[in-house]
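Architecture at a glance
If you want the building blocks of each chain, they are given just below.
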Amino acid sequence: MVFSSFMFLFVFLPVVMLAYWLVPDKFKNYVLLVGSLVFYSWGGPRYVLLIVGEALVSWLCALAIERGQTQQARRMALVAECVVLLGLLAYFKYTGFFLSNLHALVGWPADVVAPVLPIGISFYTFQLISYVADVYRGKVHAQPAYWKLLLYCSLFHQCIAGPIVRYETVSREIDERHPRAVDVYEGVRRFCVGLAKKVLLANACASVADSLVPAGTGSLAAQPFFGWWLGMIFYTLQIYLDFSAYSDMAIGLGRMVGFHYLENFDHPYLAKSVQDFWRRWHISLSSFFRDYVYIPLGGSRCSRPVYIRNMAVVWLLTGFWHGASWNYLLWGAYYLVLLLLERFFLADRLPRPVSRILALLAVVLGWVLFRFESFGEMGMAFAGMFGLGATGITSLAVHTAFLQNVFLLVVSAIACTGLGSSLRHRLAVGARKDERMLKAYTLEEMLVPVVLLVVSTIALAGASYNPFIYFQF
Amino acid sequence: MAETDGRGGTRRLRKSDISARRDAHGAAQGTGGTARVRRTASQQQGASPQRTRQAAAQRSAQGSAPVRRSAGKASAPEAARRRATGNVRRLEGAPAGSKEDLRRRGRALASSRRNAVRSVMVSFVLFSVVGLLFFLRPAHSDLEKRDLTPFPEFTWGRLVDGSFFSDLSLWYGDTYPLREPMVRLSQGMNALHGIQPKTQMVGGTVNKDELPVDGAEGEAAPVEAVDDKEVIEVPTERYMAEEIQSKIMEGLYVNDGAAYNIYYFSQESVEQYARAMNTCAKNLEGQATVYSIIAPTSAGALLDEQTLEDLGGTDQLQAIKYFHSLYDDAVHGINVYNTLRAHNDEYIYFRTDHHWTQLGAYYAYAEFCRDKGVEPSNIFGREKMTFDGFLGTFYSELGNSDMEARPDYVDAYIPNSTNDMVIWDTDGNEIETNVVTDVSDWNMYSKYNCFISGDRPLSRIDNPLKSDGSSCLVIKDSFGCAFVPLLVDDYQTVWVIDFRYSDRSIPDFVREHNIQDVIFLNAIVLAGTDPVSSALLAQSQNG
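1. Side note on the overall build of chain A
The helix and strand inventory of chain A stands at 19 helices and zero strands. Taking the principal axes of the C-alpha coordinates as reference, chain A spans close to 70 × 70 × 65 Å. Burial analysis of chain A (473 residues in total) assigns 46% to the buried set. When contacts within chain A are restricted to residue pairs at least 6 apart in sequence, long-range pairs at least 24 apart make up 72% of them.

2. Regarding the overall build of chain B
Regarding its fold elements, chain B presents 25 helices and 15 strands. Looking at chain B as a whole, 46% of its 543 residues qualify as buried. Considering only residue pairs separated by 6 or more positions, chain B has 75% of its internal contacts joining residues 24 or more positions apart.

3. A closer look at the packing of helix α4 (residues 71–106) of chain A against helix α5 (residues 121–136) of chain A
Residues and elements named next belong to chain A. It is the contact of α4 with α5, at a shortest axis distance of 10 Å, that shows an interaxial angle of 175°. By the criterion of interaxial angle, the relationship of α4 to α5 is roughly antiparallel. Listed contacts from α5 to Arg-74, Leu-78, Glu-81, Cys-82, Leu-85, Leu-89, Phe-92 and Lys-93 of α4 are Ile-121, Ser-122, Thr-125, Leu-128, Ile-129, Val-132, Ala-133 and Tyr-136. The residue inventory of the contact of α4 with α5, partitioned by class, reads 11 nonpolar, two polar and three charged.

4. Section: the interface of chain B and chain A
Tallying the contact residues gives 88 residues for chain B and 79 residues for chain A. Broken down by element, the residue count for the side of chain B that touches chain A peaks at 19 residues, all from helix α8 (residues 99–132) of chain B. Of the residues assigned to the side of chain B that touches chain A, the class counts are 35 nonpolar, 39 polar and 14 charged.

5. Examining helix α2 (residues 28–41) of chain A
Relative to the 20 Å expected for 14 residues at 1.5 Å per residue, α2(A) spans 20 Å between its end C-alpha atoms, a close match to the ideal helical length. All of the buried residues in α2(A) are Asn29(A), Leu32(A), Gly35(A), Ser36(A), Phe39(A), Tyr40(A) and Ser41(A).

6. Side note on the nonpolar core
Generally speaking, a soluble globular protein has its nonpolar side chains buried in company with each other. Ranked by size, the top nonpolar core spans 262 residues in total, and within it Val132(A), Cys205(A), Met277(B), Ile293(B), Ala295(B), Val494(B) and Val518(B) carry the most contacts. The leading source of residues in this core is helix α8 (residues 181–212) of chain A, at 19 residues. Contacts of Cys205(A), omitting those with residues within four sequence positions, involve Phe234(A), Leu237(A), Gln238(A), Leu241(A), Leu408(A) and Ser412(A).

7. Comments concerning unusual backbone geometry
Residue and element names in this part refer to chain A. Unusually for a residue other than glycine, His-267 sits at a positive phi of about 45°. Within the secondary structure layout, His-267 lies in the loop between α9 (225–256) and α10 (274–280). Of note, the phi angle at His-282 is positive, near 40°, even though the residue is not glycine. If you trace the backbone, His-282 turns up in the loop between α10 and α11 (283–297).

8. Describing the pairing of strand β6 (residues 289–295) of chain B
All names here are of chain B. Among the seven residues that make up β6, six are buried, leaving the element largely enclosed by the rest of the structure. Of the pairings in the sheet, the one linking β6 to strand β15 (residues 517–523) comprises seven bridges and is parallel in character. By the bridge assignment for β15, Thr-289 is matched with Asp-517. By the bridge criterion, four bridges tie β6 to strand β7 (residues 331–334) in an arrangement that is parallel. Residue pairing across strands places Tyr-291 opposite His-332, the latter belonging to β7.

9. Some remarks on the confidence of the model for chain B
Residues and elements named next belong to chain B. For chain B, mean pLDDT is 82; residues scoring 70 or higher make up 81% of the total. With pLDDT under 50 throughout, residues 1–75 is counted as low confidence; its partners more than four residues away or in other chains account for 121 contacts. Scored below 50 in pLDDT, residues 79–91 makes 13 contacts in the model with residues more than four places away or belonging to other chains. Among the scores for the predicted complex, ipTM is 0.89 and pTM is 0.82.

10. Side note on the confidence of the model for chain A
Residue and element names in this part refer to chain A. Chain-level statistics for chain A give a pLDDT mean of 91 and a share of 97% at 70 or above. Across chain A, the secondary-structure element scoring lowest on mean pLDDT is helix α15 (residues 375–385), at 90, and the one scoring highest is helix α17 (residues 406–415), at 97. Predicted confidence is poor over residues 469–473, with pLDDT under 50, and the contacts of this stretch with residues over four places away or in other chains come to 16 contacts.

Calculation notes
- Residues numbered from 1 in each chain as written.
- Chains lettered and ligands numbered in written order.
- Predicted model: local features only at pLDDT ≥ 70, side-chain atom pairs only at ≥ 80, totals over all residues.
- Helix = DSSP H or I, 4+ residues; strand = E, 2+ residues; numbered from the N terminus.
- Buried ≥ 20, exposed ≤ 12 C-beta atoms within 10 Å, placed from the backbone.
- Contact = placed C-beta atoms within 7 Å.
- Axes fitted to C-alpha atoms, helices over the stretch in contact; angles between N-to-C directions.
- Parallel < 35°, antiparallel > 145°, perpendicular 65-115°, else oblique.
- Nonpolar A, V, L, I, M, F, W, Y, C, P; charged D, E, K, R; others polar.
- Expected span 1.5 Å × (residues − 1).
- Core = buried A, V, L, I, M, F, W, Y, C linked by C-beta atoms within 7 Å.
- Pairing = 2+ DSSP bridges.
- pLDDT = per-residue confidence, 0-100.

Now the structure itself:
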């Protein structure tokens, strides 16, 4: 089930929230757990066994670590956790990749049969590993109740699309949450904002990007220079708005019931450098790699070759985490090169505006690697974007797509900045003194969530519009 | 920040008035006003029983112990003091920035936020309740001309692999009672994405094959017919429908409220189509004559040469010649391109729909008669029905407001001999209907269905004025609908098969009913589509 569906919005969420509201405090977590398991089973009930099993392994390993007498025993438990969880992740996510490469190399196996990827496995695997690793380091206590750990990793807010919530962030709130009126309000508002971002902006940007730079259709060769750029700019907007909208909705859903998840995005397209971009983009993932891979490897306080090795490991893993295909590895390697370049050669030597523009450009070009799994298409994309394609500068189709979506482009670009929240802040400050500002502020606070919800619902219905011209009766 | 820690907030709440100012200040900043919000709730306890209930409801919704505690702790004298100062009117006179003034502002803010949460909750409840009105759930969409997703069939297998749930979600959203009005509203919202230029090209990023040079000259060698042993993979109906649709809509040139679909040549499909024609002709040697009519798109028939070249599609005249060059001598390829172009100042194609009008079909029919060596019947002397306000498939796809302002109309000429016909639906039921149906009351998207009851697996029209045993079979896509009524006066029996909903062997059928003329009529974009040519080839084999 996805958040942006009628089923979730008008069946699942109201039922779960109503039950949550009706039951006494001590049963609220059970409501969340049952709701989460139902939510998870929507994508294929058999994989519930997987998440239940992974949580069980992690629960046992964490307890073993906490009760372990010797350092060796504790270490063994951590190793067992990593082997089991990463093994399962590798099996489900990367089998197809390795087999198809093997097939390409030696012609064996004849038929590449890959397991179906269980929804959210990349997210909850990392959540559970971070939990056990934190127990190992003594940062958190092991959770004595198995079902509470299962609740932590399966919670429908963040289970299938992140953010990768650390156990330490929510360990206390699992047992004791005290949402106040402002939490409920901010949670509801955040959810509605995220929904609108997804449905009104990201989906619309996706449809422009798909019509201009459709991956995997072989029709890219006909795209002229401006078509490439316009398509990739819309894709750039789509991928941020889509992903951050999911995080917004997760954070909002959590806040409504008293969970405070950390922010996952901080206006990444305003980054001053590539390194800055990664401080602002999918923060829960980059901090996971930082805390559990990069720093244990020695981080940056080491010799240059070791540092480069550490960076290489982190960035190739980051790329590979995003998908089991060579283009994601290439995407990771691309950022590795850019970050090393920045550190050793550029090192803040560029004026700020130039640096910002270059960073943004690097990110847009990076999304080319991300979008096209086929190297042929990727090559076509770069040729087209650097004006080497043989298809001219522009076309009536590109012109039409631009004009038909020019307001969408502007609004989506603004949505990538902090303009909205800074206006809200100004209104809030003004409302302390000025009567009209107070009126405007209270009105804004009252209307924004519900208007966004209703408008998003309408757009969501519109997205299912699918005229079938040949099924006439 | 207070919001990250429930306990911190509670402590702050218990602090004296010194912190109240800071709280109100924080609240006005949008995120930090937790303590004040709670205090407001407890203040109202004394003020109004109704508000107390609401506050209590909200508190229990949060399941928050400290809130409950703080509410209970408001002592009697304190409550009395709050009652006294709780009057907003009186407070408005308080100097700006004063403690009282900030409190009043905080209360206004808190109350508007409560209203926000309430209205969101009410919206959710309303939408959910509407979702429960099962009897209002539509099964069919006129707007989209399709049956909506049915309630999924339950099997354990489908439950385990997740497809039952995903279909359930699809069903729930697709048949949601308010869906259609919301779809219309959202189309209005989509128009806000930008400016609608008068002249547009929608899509058109398509890789086409180059026409072979010898083909463009019409000199390629015919392709081999296939024998009956060859197994042709037949596409599913749904897949074929999707392919056809995307083919029709893949490049639309829009100018001043009229859309024109561009044709992109695909070598393989065209060869396969020709193979189907040749196979059918070979299997019917000595039995029937096979005719093939490839209908150009509106772009090919109507647009000027320069525009066509700029838009980058394939030259349809050259493509039709290429089709024909691949045919065996036994197949009569009838080129209707030039005659349609010669009449392109007339109303031969719709502006909001991808079909030709019956007038356009008539020029193709006249060309067919010329090849056959007979006189075309004079349709202009027939009784005519006109259906106004037609918005066709291009409109459904584009939602173009210029089209809305100037819809199409459908002229339908009723055959002189009869207006009765028989159709067999997909379940094989025999239904009596009309060659031209009065669709005045039908919705504005369905007017083209006035012809021969739309696309049917099999139809028959008997001409009571003839008894010479003459008969023809039209194997058609929807372009054939406007065409078939034109033949009715010329034959004793006209059979019609829409190959997309049929899988019978055409040669077997022709022999069984002793048919003399077999007419394949397809729009060029369909004829050049893989699933269409495969389906035709499979049906051209002997059974």
